[in-house]
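Take a look at the letters that make up each chain.
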Amino acid sequence: MGATSSIDLLNNLHTGFTIALTWQNLLCCTAGVLFGQMIGILPGIGAPTAIALLLPLTFSLNPTSAIIMFAGIYYGVAYGGTVTSILINVPGESSSVMTCVDGYAMAQKGRAGAALSIAAIGSFIAGTAAIVLLMSFAPALAAFALRFGPAEYFALGVMAFGLLTVFGSGSPFKIVISTVIGVLISTIGMDGVSGMPRFTFGIPQLLGGIDFIVIICGLFGLAEVFNSIEEPEGGRLVHDRFKLSEVFLTWQEWVESRWAILRGGIIGFLIGLIPAGGITTASFLAYMAERRASKHPETFGRGNIAGVAAPESANNAASISGFAPLLALGVPGSATTAVMLAGFMMWGIRPGPLLFTTKPDLVWGLIASMYVGNVILLLINMFLIPAFVAMLRIPYSILMGFIVIFASIGAYSVNNSMFEVWVMVGFGLLGYAMKKLKYPTVPLILGMVLGTLVEKSLRQALVLSAGSLDVFYSRPIALALLLIALLAYCSPLIRAVLRKAGYGQNVVNLESL
Amino acid sequence: MRLANIVVGVAVFLLGLATTVLAWTTLPYTGDFGPGPGFLPFWLGLALMVCAVPVIIADLRAQANAEPLFRPETVKCVQVLGLIVGVFLFLPFLGFSVGLALITAGGMRLMGKHGWISCAATALLTAVFIHYLFGQWLSIPLPKGVIGW
């Protein structure tokens, strides 16, 4: 049985490579990782924004090539965010925040090349190992998810919302408000069951609902423009001319980093599997674990190379394993995978347990392309760093115009109508206000994406049970998921009690941030 | 910032109230075979109201926040927003390629210390980029202005 499934796995992977290595897909993968790397380097444009803004570029591609390109952008961003963290102490991505701590300290000591190098090597090793695990884990998760009925899907959605309060920062009430508003937005338009219009206020353009891409372009694209104007991300470039010899590690540096890569990779993979776990949480936990495991924790924050290797390995592994819940359950774990889900749906593909059997070419082509993408990223990060560093000199006054261009065209091209462009402007202002008043935007996005699934599942489950709530506690999987959700919603309370009792006070040296 | 948070908290509460009332009055709570289209919005509205209350109370209790709501840079945000809205209003006349190129050039003038010549050159290149990449290569039917771009 085991041998058969291993052979199946290898056959699937072979099929995947024959798809990923076609010239068109190879080109899309390369373009994706290059765009991702470049966008990761530019502060102010995150991965979800990048993917949403680049959607129009994929209109002429087939779905497999487009998804391969998006995946390339996704994990390319995880690599790219490192460069600014290390060189100017400004994380290009929130997942690179922990890299600033020791990476920037290393750069100040003249070891920027080694820091960039270990980040690329760690990301490559952890990323590749995560793909191997994803290959085995995702189909198994999909097979398990075949047992899911409406009650389980409803419980899964509620659990994902609940976990946002565990992994999110700030007021839990603001997280819930943001999530609820996201779900509420998903109810706008024609009701899928009764055909009755909801919250359309007589506006015909709202009958089909508000497209997810329009919201992303506003909430992340345009809002980022306003936020970056108001709070420009400063930072001094400590090292802007590189010789190739500087990127090679000493033996001592490699010895100090190897276990950090392993530990970071494992933590990253596991956190990435959890809906709403997120790659930022993964990199933070990996950094903390590494500091705890170190014989010299006092050197963390002062340029310890393991403090770069661990979070970088973790964020790359998490970005790969984040595909497991998306592909196998159809449940995105982060804003970026939520945009990926929107991309899938744009081409009429619904991720979920059946995707592995109905669209094996797409799934295995995507997985195989991740191997290819990681190799390309390792090479460009080892040898093309000077070219990317040069990008840091592009003034934001020019970049800003291009973000507006891509956001506007992205919104317009959804229905070829100016109505969507105005809606995008509205969501741009909403995103700006939310960031200013510390309302997180990621729960809104996940609420919007999962809202339809949650409502449909809830209504189906209650129809099947003739209105009885038994269906949610008489089925073990649904019950378990709802209990996790309950625990998650109570987590702020539990945390407060633990903090009062003197537990859970993490001390991180963030002085260099 | 504290006042702004309170105002937004109240706005969220009112949004919840409006949602609940609209759902209850205009949408059926139950359908033929189970929950109707008003079921989820009704409960979402209630959830918004319930969550808004502690947010408002927390801000009412909080000390006046030293962090200002508006910074000197906020003026630039308003200027850029005005530029974007102004250009979008005239897009049927300007066309997408020219309009968005104007936003790029205008943004450069507002945000950076760029001369008129570099702004004009960037605008020209941007218009060509948008027209050929999106309009021609990707065949997105972008609205054309008076110059046919």
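Residues numbered from 1 in each chain as written. Chains lettered and ligands numbered in written order. Predicted model: local features only at pLDDT ≥ 70, side-chain atom pairs only at ≥ 80, totals over all residues. Heavy atoms only, no water.

## Some points on the overall build of chain A
Regarding its fold elements, chain A presents 22 helices and 2 strands. Taken over the C-alpha trace, chain A has a radius of gyration of 22 Å; the compact-globule value for 513 residues is 24 Å, and the two agree within 12%. By principal-axis analysis of the C-alpha atoms, chain A measures approximately 70 × 55 × 55 Å. Considering only intrachain contacts with a sequence separation of at least 6, the fraction spanning at least 24 residues in chain A is 79%. In the structure as shown, chain A presents an accessible area of about 19,100 Å², 68% of it carried by carbon and sulfur atoms. (Helix = DSSP H or I, 4+ residues; strand = E, 2+ residues; numbered from the N terminus. Rg over C-alpha atoms; globule rule 2.2 N^0.38 Å. Contact = heavy atoms within 4.5 Å. Areas by Shrake-Rupley, 256 points an atom, 1.4 Å probe, with all protein chains shown as cover.)

## As for the packing of aromatic side chains
Pairs of aromatic rings are described using the distance from one ring centre to the other and the angle between the two planes. By the definition in use, this model includes 19 aromatic pairs over all chains. For the ring pair B:Phe42 and B:Trp43, a centre distance of 5.5 Å and an interplane angle of 90° mean the geometry is edge-to-face. Accessibility expressed as a relative area gives 14% for B:Phe42, which makes it buried. Members of the aromatic cluster, joined through ring pairs, are B:Trp24, B:Tyr29, B:Phe39, B:Phe42 and B:Trp43. The ring of A:Tyr439 carries A:Lys174 above its face, with NZ or CZ at 4.8 Å from the centroid. Lying over the aromatic face of B:Trp116, B:Arg109 brings its terminal NZ or CZ to 4.1 Å of the ring centre. (Phe/Tyr/Trp six-rings, centres within 6.5 Å; stacked < 30°, edge-to-face > 60°. Buried < 20%, exposed > 50% of the residue type's maximum accessible area, 1.4 Å probe, protein only. Lys NZ or Arg CZ within 6 Å of the ring centre and 35° of its normal.)

## A word on unusual backbone geometry
Residue and element names in this part refer to chain A. Although it is not a glycine, Phe201 adopts a positive phi angle of roughly 50°. Mapped onto the secondary structure, Phe201 falls in the loop between β2 (197-198) and α9 (212-230). Residue classification places Phe201 among the exposed positions, given a relative accessible area of 63%.

## Focus on the interface of chain A and chain B
Each side of the interface is counted separately: chain A has 55 residues, and chain B has 61 residues. Summing the contributions of chain A and of chain B, the shared interface buries around 5,000 Å²; its carbon and sulfur component is 84%. Of all residues in chain A, A:Ile229, A:Ile409 and A:Leu437 bury the most surface against chain B, accounting for 11% of the area lost on that side. Across the chain A-chain B interface, the total number found is 0 salt bridges. Inspection of the region where chain A meets chain B yields 6 residue pairs in polar contact (both at pLDDT 80 or more). (Buried area = accessible area lost by both parts, 1.4 Å probe. Salt bridge = Lys/Arg side-chain N within 4 Å of Asp/Glu carboxyl O. Polar contact = N/O pair within 3.5 Å; in protein donor to acceptor, adjacent residues only side chain to side chain.)

## Examining the domain arrangement of chain B
According to the domain assignment, chain B consists of domain 1 (2-61) and domain 2 (72-137). The C-alpha-based centres of domain 1 of chain B and domain 2 of chain B are spaced at 39 Å. (Domains from an automatic or database assignment.)

## Quick word on empty space enclosed by the protein
Residues and elements named next belong to chain A. In this structure the tally under the stated criterion is 3 cavities of 30 Å³ or more. In this structure, the largest cavity encloses a volume near 50 Å³. Gln205, Leu206, Gly209, Ile210, Asp211, Val214, Phe419, Glu420 and Val423 together form the lining of the largest cavity. For the lining of the largest cavity, the element with the most residues is helix α19 (residues 418-436), which contributes 3 residues. Looking at side-chain class alone, the lining of the largest cavity contains 5 nonpolar, 2 polar and 2 charged residues. The volume enclosed by the second largest cavity comes to roughly 40 Å³. Of all elements in the fold, only α4 (63-88) and α6 (112-145) reach the threshold of two or more residues within the lining of the second largest cavity. (1 Å grid on protein atoms, 1.4 Å probe; cavity = no way out; pocket = protein on both sides within 12 Å on 5 of 7 lines; lining within 4 Å. Points joined across faces, edges and corners; volume = space filled by probe spheres on them. Nonpolar A, V, L, I, M, F, W, Y, C, P; charged D, E, K, R; others polar.)

## Some words on the pattern of salt bridges
Residues and elements named next belong to chain A. This model, assessed by the stated rule, comprises 8 salt bridges over all chains. For the salt bridge of Glu290 with Arg263, the shortest nitrogen-to-oxygen distance reads 2.9 Å. Separated by 27 residues along the polypeptide, Glu290 in helix α11 (residues 279-293) and Arg263 in helix α10 (residues 251-273) bring together distant segments of the chain. The buried category is assigned to Glu290, whose relative accessible area is 4%. A salt bridge links Glu455 to Arg459; the nearest nitrogen and oxygen atoms lie 3.2 Å apart. With Glu455 and Arg459 both in helix α20 (residues 442-464) and 4 residues apart, this pair spans about one turn of that helix. You can call Arg459 buried: its relative accessible area is 5%. By sharing partners, the salt bridges in this structure join Asp191, Arg198, Glu455 and Arg459 into a single network.

## Some points on the layout of surface pockets
Residues and elements named next belong to chain A. Here the second largest pocket is characterised by a volume of approximately 1,000 Å³. Met345, Arg350, Val449, Thr452 and Leu453 are, among the 48 residues lining the second largest pocket, the residues nearest its centre. Within the residue set of the lining of the second largest pocket, elements represented by two or more residues are α7 (150-167), α8 (172-186), β1 (189-190), α9, α14 (335-346), α18 (396-415) and α20. The dominant element in the lining of the second largest pocket, judged by the number of residues it contributes, is α20, at 10 residues. Partitioning the lining of the second largest pocket into residue classes produces 26 nonpolar, 15 polar and 7 charged.

## Regarding the nonpolar core
With 201 residues, the main nonpolar core has A:Phe212, A:Phe323, A:Met424 and B:Phe134 as its most contacted residues. Residues from two domains meet in this core; each of domain 1 (2-61) and domain 2 (72-137) of chain B gives at least three. Contact partners of A:Met424, with chain neighbours within four places excluded, come to A:Val214, A:Cys217, A:Gly218, A:Leu222, A:Ala407, A:Ser408, A:Ala411 and B:Phe88. (Core = buried A, V, L, I, M, F, W, Y, C linked by side-chain atoms within 4.5 Å.)

## Considering the environment of A:Arg198
Residue and element names in this part refer to chain A. Position of Arg198 relative to the elements: it lies in strand β2. For Arg198, a relative accessible area of 3% translates into the label buried. Sequence spacing of Arg198 and Gly209 is 11 residues, and the spatial spacing of their C-alpha atoms is 9.1 Å. From its side chain, Arg198 meets the backbone oxygen of Thr187 in a polar contact 3.3 Å long.

## Looking at a nonpolar patch on the surface
A cluster of nonpolar side chains, contributed by A:Trp422, B:Leu89, B:Phe90, B:Phe93, B:Val146 and B:Ile147, occupies part of the molecular surface with about 670 Å² of accessible area. With respect to the helices and strands, the residue B:Phe93 is situated in helix α4 (residues 91-94). The exposure class assigned to B:Phe93 is partly exposed, which follows from its relative accessible area of 49%. (Patch = residues over 30% accessible without salt bridge, like charges linked within 9 Å, V, L, I, M, F, W, Y side chains within 5 Å.)

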